[in-house]
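Report on the structure
Each chain is listed here by its residues.
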Amino acid sequence: MTEQQGGFELVIDSVSKSFGARHVLRSVSARAQTGQVMVVAGPNGSGKSTLVKLAARIVRPTEGRVLWKLDGRELSAADTRRVVGLVSPDLNFYDELSAIENLRFFARVRGLGTTDSAAKGAISSTATKAATRTGSHESAESLLDRFQLAGRGDDLVGAYSSGMKQRLKYAFALMHNPPLLLLDEPTANLDERGIALVRDTIAQAGASKCVVIATNEPEEVRLGDILIQLRA
Amino acid sequence: MTSSSNCAHEVLAVLAKDLRSEYRTRYALSAVLLFAVTALAVVSFSVSPYSLEADAQSAFLWIVLFFSAMSGLSRSFVREEEARTAMALRLAAAPEAVYLGKLLFNITLQGAVAIVVVPLFLVLMDIAPAHPGLLVWAAVLGTLALASSSTIIAAVVSRANAKGALFAVLAFPVTLPGLSSAIRATTAALQGAVGRVGTAGDLRALAAYSVLMIATSLLLFDFVWND
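All figures in this text were calculated on a predicted structure; none of them were measured in a lab. (Residues numbered from 1 in each chain as written. Chains lettered and ligands numbered in written order. Predicted model: local features only at pLDDT ≥ 70, side-chain atom pairs only at ≥ 80, totals over all residues.)

1. Quick look at the overall build of chain B
Across its full length, chain B holds nine helices and zero strands. Ordered by position in the sequence, the α and β elements of chain B form the string α-α-α-α-α-α-α-α-α. Compactness check: chain B gives a C-alpha radius of gyration of 18 Å against a globular reference of 17 Å for 227 residues, within 12% of the reference. By its C-alpha atoms, chain B is 55 × 35 × 30 Å across when sized along the principal axes. Across the 227 residues in chain B, those meeting the buried criterion constitute 47%. Counting contacts in chain B only where the partners sit at least 6 residues apart, residues at least 24 apart contribute 87% of the total. (Helix = DSSP H or I, 4+ residues; strand = E, 2+ residues; numbered from the N terminus. Rg over C-alpha atoms; globule rule 2.2 N^0.38 Å. Buried ≥ 20, exposed ≤ 12 C-beta atoms within 10 Å, placed from the backbone. Contact = placed C-beta atoms within 7 Å.)

2. Overview of the sheet that holds strand 7 (residues 180–184) of chain A
Residues and elements named next belong to chain A. Across the sheet, five strands lie side by side as 6-7-8-3-9; this open sheet has parallel pairing. Looking at strand neighbours, the two that pair on one side only are strand 6 (84–87) and strand 9 (226–229), the edges of this open sheet. Looking at each pair of strands side by side, their axes are set apart by 15 degrees on average, direction ignored. Here helix 7 (residues 162–174) sits on the sheet in contact with strand 6 and strand 7, set at roughly 175 degrees to strand 6. (Pairing = 2+ DSSP bridges. Axes fitted to C-alpha atoms, helices over the stretch in contact; angles between N-to-C directions.)

3. Focus on the confidence of the model for chain B
Of the residues in chain B, 95% have a pLDDT of 70 or more, and the chain-wide mean is 88. On the interface metric, ipTM, the complex scores 0.87, and its pTM is 0.87. (pLDDT = per-residue confidence, 0-100.)

4. Description of the sheet that holds strand 5 (residues 73–75) of chain A
All names here are of chain A. If you walk across this open sheet you meet the four strands as 2-1-4-5, and the pairing is antiparallel. Each edge of the open sheet carries a strand with a single partner, namely strand 2 (22–33) and strand 5. Taken pair by pair, the neighbouring strands of this sheet meet at an average axis angle of 30 degrees, ignoring direction. Summarising the sheet, strand 4 (residues 63–70) and strand 5 pair through three bridges and their orientation is antiparallel. In the sheet register, Trp68 faces strand 5, and the bridge partner there is Leu75.

5. What about the pairing of strand 1 (residues 8–19) of chain A?
Residues and elements named next belong to chain A. Sheet topology note: the strand 1/strand 4 ladder contains seven bridges and is antiparallel. The residue bridging Val11 from the neighbouring strand is Leu67, located in strand 4. Across eight bridges, the pairing between strand 1 and strand 2 is antiparallel. Among the inter-strand pairings, Val15 is bridged to a residue of strand 2, identified as Val28.

6. Considering the packing of helix 3 (residues 99–109) of chain A against helix 1 (residues 4–25) of chain B
Two elements in contact, helix 3 of chain A and helix 1 of chain B, have axes whose closest approach is 8 Å; the angle formed by their N-to-C orientations is 155 degrees. The angle between helix 3 of chain A and helix 1 of chain B places the two elements in the roughly antiparallel class. Considering how the two elements wind past one another, helix 3 of chain A and helix 1 of chain B form a crossing that is left-handed. Within the contact between the two elements, helix 3 of chain A uses Phe105, Arg108 and Val109 of chain A and helix 1 of chain B uses His9, Glu10, Ala13, Val14 and Lys17 of chain B. (Parallel < 35°, antiparallel > 145°, perpendicular 65-115°, else oblique. Left-handed = near helix turned anticlockwise from the far one by under 90°.)

7. Quick notes on the interface of chain B and chain A
Chain B puts 24 residues into the contact, and the matching count from chain A is 27 residues. With 10 residues, the single largest contributor to the side of chain B that touches chain A is helix 1 of chain B. Classifying every residue of the side of chain B that touches chain A by side-chain character gives 10 nonpolar, seven polar and seven charged. (Nonpolar A, V, L, I, M, F, W, Y, C, P; charged D, E, K, R; others polar.)

8. Some details on the environment of Phe77 of chain B
Residues and elements named next belong to chain B. Tracing the chain through its elements places Phe77 in helix 4 (residues 75–82). Each C-alpha atom of the pair Phe77 and Ile153 lies 9.6 Å from the other, and the pair is 76 residues apart in sequence. Ignoring sequence-local partners within four residues, the contact set of Phe77 consists of Lys102, Ala154, Ala155 and Ser158.

9. Details of the nonpolar core
Ranked by internal contacts, the top residues of the largest apolar core, which has 131 residues, are Leu103, Ala171, Leu182 and Val212 of chain A together with Leu65 of chain B. Looking at this core element by element, the count peaks at 15 residues for helix 7 (residues 132–157) of chain B. If sequence neighbours within four positions are ignored, Ala171 of chain A has contacts with Leu103, Leu143, Leu144 and Phe147 of chain A. (Core = buried A, V, L, I, M, F, W, Y, C linked by C-beta atoms within 7 Å.)

10. Comments concerning unusual backbone geometry
Residue and element names in this part refer to chain A. A positive phi angle, near 50 degrees, is found at Ser14, a position not held by glycine. Mapped onto the elements, Ser14 comes out in strand 1. Within the chain, Glu185 stands out as a residue other than glycine whose phi angle is a positive 50 degrees. Examined against the element boundaries, Glu185 turns out to sit in the loop between strand 7 and helix 8 (192–208).

11. Here we look at the environment of Arg31 of chain A
All names here are of chain A. Position of Arg31 relative to the elements: it lies in strand 2. Residue classification places Arg31 among the partly exposed residues on the basis of 15 C-beta atoms within 10 Å. Sequence-wise, Arg31 and Leu67 are 36 residues apart; in three dimensions their C-alpha atoms are separated by 9.5 Å. When sequence neighbours within four positions are dropped, the list of residues in contact with Arg31 reads Glu9, Leu10 and Val11.

12. Section: the packing of helix 3 (residues 54–72) of chain B against helix 7 of chain B
Residue and element names in this part refer to chain B. Interhelical geometry of helix 3 versus helix 7 gives an angle of 30 degrees and a closest axis separation of 10 Å. Between helix 3 and helix 7, the angle falls in the class roughly parallel. Note that helix 3 runs across helix 7; the crossing there is right-handed. For the pair helix 3 and helix 7, the contacting residues are Trp62, Leu65, Phe66 and Ala69 in the first and Gly142, Leu146 and Ser150 in the second.

13. Quick word on helix 7 of chain B
Given a rise of 1.5 Å per residue, 26 residues ought to cover 38 Å, and the 36 Å separating the end C-alpha atoms of helix 7 of chain B matches this to within 8%. Counting buried residues along helix 7 of chain B, 21 of its 26 residues qualify, which places the element largely inside the surrounding structure. (Expected span 1.5 Å × (residues − 1).)

14. Remarks on the environment of Thr187 of chain B
Residues and elements named next belong to chain B. Secondary-structure assignment places Thr187 in helix 8 (residues 163–191). The exposure class of Thr187 is buried, given the 23 C-beta atoms found within 10 Å. C-alpha of Thr187 to C-alpha of Ala130: the two residues are 57 residues apart in sequence and 10.0 Å apart in space. What Thr187 contacts, discounting residues up to four positions off in sequence, is Ala54, Asp55 and Ser58.

See the structure below:
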């Protein structure tokens, strides 16, 4: 566990989720902390994506609870925008805006798009203090460069290929340096170069963040310190 | 949201994003304006302006503005769900910033519609309002009332299947008090027989209605927006 992310812990405590009469998850429990990679595997329809959304606390469990702890202190769901970096097939950006406009917009609503002092002012919770402990957040341009989208930042997202959109999701997920990184189908739509980039990103994030990956790719399953195997 | 300046910054970011998106797509504005201008033109060509009393004229004006709002103001939220951008917005923005940004966008949009529709209505119906100032106040406060009620209802219906029908059905009873006050104030402005106390009361009722809608929406929005 690294000191810089302040000892973040994800606790999934006897979580069940139903959509109407359909039970998607039944009493799932797990824990992961900073420096660990949790892999969620299972066949289609087994609830991998639902578990990722539950971990992000953007979906509420039918039973059980999901907790985030930082230095032993419990965080609330209101900290989502500071705590969570999510890459998911359900995540979309504004097609009519360019990639750089999208990233700048999300940086501004996260309180990152202003001067350093304003950004720090927006960050009062323990969660965000942890997120900023590592230093300044990456600029939109730097993130695009990191995910091999340099030179395409001014293109409208609507004109992006599915692989480019997937790369943009990583820029979105990591822009605020979150202590919890949730990756649902992390290499979907990516070419070999993109897959290598993502695996490198997971390896880096795995050292300083709590990472959850929903996947069935054997190479990604091997990255996990903790494995949750779901059944259909 | 930790301070008012940060809140304002985030609200303005949502507003600027929506205005930029609207400028590039004309997604809501074209629907709203098309409906408003078409309805005005059809009625003005088929009904003699002199055959309508002031109360019927003002009711007609607000029917056009109401259904214009119904055809366009839900789109700020509906579009986030349909384009599946709502998840990113939920992950990144505070609910209060989303609500207030969308509210300001809807006020801007409905204000733009009113700026086009009200003068066009006066021209096509050949009306010279007895109290133009009062008409402006009624239009401004009525626009605020329509936008404030439409915004929260749009957030509620955006995740439903039959969004269009549900929006109008839910909006009608909620907007009725505000709409009634706007119609009465507009009637007074058009006919000139202004009962000062009653008219001032209608304008105050409109303002109070909007404040109440916005305050209630701010309290409820987190539950509406997040699952």
